[in-house]
Amino acid sequence: MKKQLSIVFLLMGFSGQAGAYFDAGSRFTSGPGGYAGFNVFGEGGSDDSYLRASLNTYKSDIADRYSTYSLGAGLDRTYWRAGAEVSVTPETGGYKNNALYADLAFNLLGEPAEDAALEDLSLGCFAGLTSHEDAYSLSTTTVSTGFGKKTSVSSLTSAFKLKQTDYGLTAAVRAYGVRLSGRFTKTAYDQDITALDRQLPIDIGGIGTSGYPDKAVSARLRFSSLPLSPEAGYVKTYYLLTQPDSESVSFGLSQELGAVELSAGWENFNPGGGAPKSDYYSLGLTLSF
């Protein structure tokens, strides 16, 4: 956490430079079963580059707290933009991971005229590598403690290690102040997944869940030109093994008040297979300097 704060203070220093900016914000999400998620970030940069640090953490009554620390950077040019991010999830309940992500998008319009109806049209690709490690494999032996008494002792035999590769395509178009974007993700693993393997903790939208995703499709619509800037999103995720497909539908509103942006959101998560749906609610605050 200290390293994250040091990066945030470094980003704040950028805001004192000519043409530079600094944004900081947080978002809290609550849901059933004692679910509580919290995200905080700091981002600093200029018109054509940025550096971003963030912390994302969540827990529930049936899940331990998972926290992910991320650091990313990017470039934004007239005809293309690129970004990269590294993240670390420290060990919780024997599980930990580290990840590397990169994306590249091409702006097919360049810089349109100020009064142009079509403001943005882009196509992109991305790839990510996540290394999972879960120290859940235990063996039990019986040892003597003296006076004829015996007890069972569990010892670690091996850790379950898995490399996950995500890659896919993105597309976005913005016209008359309305932005529509879509994303397709395919996931591959470095070994065959069996029913004996423990499910890995993952995120769908802002909700912590678990499973081995196979592919996912998502779409988002945002009306940034309207007073309350409404937006809506949809995510469908397909899993390996016999786990049913899941769906997530979200809706949000945001309002800028000077240097402050307030946001509120609702997300409905359907795990599939006839399991009950869950509703999650969030509130966010962003400050711009």
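Before going into details, it helps to say that this report is about the structure given with it. Note that residues are indexed from 1 along each chain, following the sequence as it is written. Given that the model is predicted, a residue must reach a pLDDT of at least 70 before its local features are reported, and side-chain atom pairs must reach 80 or more before they are shown or counted; all residues, however, enter totals for whole chains, interfaces and linings. With hydrogens and water set aside, each side-chain value is computed from the structure's full complement of heavy atoms.

Looking now at the overall build of the protein chain. To qualify as a helix, a DSSP run of H or I must reach at least 4 residues; to qualify as a strand, a run of E must reach at least 2; elements of each kind are numbered from the N terminus. Summing up its helical and strand segments, the protein chain has one helix and 16 strands in all. With a 1.4 Å probe rolled over the protein chains alone, any residue whose accessible area is under 20% of its type maximum counts as buried; one over 50% counts as exposed, and the rest are partly exposed. Taken across its 289 residues, the protein chain has 32% of its residues classed as buried. For the protein chain, long-range pairs separated by at least 24 residues make up 49% of all intrachain contacts whose partners lie at least 6 apart in sequence. To be clear on the numbers: accessible area is Shrake-Rupley with a 1.4 Å probe, and residue cover counts the displayed protein chains and nothing else. When the accessible area of the protein chain is evaluated, it comes to approximately 16,400 Å², of which 60% is carbon and sulfur surface. By the convention used here, residues are in contact when the closest approach between their heavy atoms is within 4.5 Å.

Direction of pairing for strand β1 (residues 21–31) relative to strand β2 (residues 35–46): antiparallel, over a ladder of 11 bridges. Residue pairing in the sheet places phenylalanine 22 in a bridge with glycine 44 of β2. Where β1 folds back on β2, the antiparallel hairpin that results is connected by three residues, among which glycine 33 adopts a positive phi of roughly 65°. A strand pair is defined by DSSP finding two or more bridges across the two strands. Hairpin connection, β2 to strand β3 (residues 49–60): the antiparallel pair is bridged by two residues.

Right, let's get into the packing of aromatic side chains. For this analysis, a ring pair means two rings from Phe, Tyr or Trp (six-membered ring only for Trp) whose centres lie within 6.5 Å, classed as stacked if their planes differ by under 30 degrees, edge-to-face if by over 60, and tilted for the remaining angles. Counted under the stated rule, the structure contains seven aromatic pairs. Here the aromatic rings of tyrosine 58 and tyrosine 66 are separated by 6.0 Å at their centres, their planes lie at 35°, and the arrangement is tilted. No difference in accessibility class separates tyrosine 58 from tyrosine 66, as the two residues are buried. Within the aromatic cluster, the residues linked to one another by ring pairs are Tyr35, Tyr58, Tyr66, Tyr95 and Tyr280. Across the ring face of phenylalanine 41, the terminal group of arginine 52 is positioned such that the distance to the ring centre comes to 4.1 Å. We call a charge positioned above a ring when the Lys NZ or Arg CZ atom is no farther than 6 Å from the ring centre and deviates by at most 35 degrees from the ring normal. In this arrangement the basic side chain of lysine 215 is found over the ring face of tyrosine 238, its NZ or CZ atom lying 4.8 Å from the centre.

Take tyrosine 281: it is sitting in strand β16 (residues 278–288). Looking at tyrosine 281, the relative accessible area reads 47%, which means it is partly exposed. Taking the C-alpha atoms as reference points, tyrosine 281 and phenylalanine 28, 253 residues apart in sequence, are found 8.3 Å from one another.

Moving on: the side chain of lysine 236. Topologically, lysine 236 is positioned in strand β13 (residues 231–239). Since its relative accessible area comes to 17%, lysine 236 is described here as buried. Here lysine 236 is in contact with Lys215, Ala216, Val217, Asp245, Ser246 and Glu247, once residues within four sequence places are set aside.

Any Lys or Arg side-chain nitrogen found within 4 Å of a carboxyl oxygen on Asp or Glu counts as a salt bridge. For the structure shown, the criterion picks out eight salt bridges. Here glutamate 119 ties to arginine 174 by a salt bridge, and the two come within 3.0 Å at their closest N and O atoms. Of this pair, glutamate 119 sits in strand β7 (residues 118–146) while arginine 174 sits in strand β8 (residues 149–175), and the two are 55 residues apart along the sequence. Its relative accessible area of 24% is what places arginine 174 among the partly exposed residues. One salt bridge connects arginine 220 with glutamate 231, and the closest N-O pair in it is separated by 2.7 Å. Taken as a pair, arginine 220 in strand β12 (residues 213–223) and glutamate 231 in strand β13 lie far apart in primary sequence, 11 residues in all. By relative accessible area, which is 36% here, arginine 220 ends up partly exposed. Its relative accessible area of 21% is what places glutamate 231 among the partly exposed residues. Among the ionic contacts, a cluster of salt bridges with common partners joins Lys186, Asp214 and Lys215.

The next thing to look at is the environment of leucine 121. Here leucine 121 lies in strand β7. We classify leucine 121 as partly exposed; its relative accessible area is 29%. Along the primary structure leucine 121 and serine 181 are separated by 60 residues, whereas in three dimensions their C-alpha atoms are 9.8 Å apart. Setting aside residues no more than four positions away along its own chain, leucine 121 makes contact with Phe106, Asn107, Leu108, Leu109, Ala172 and Val173.

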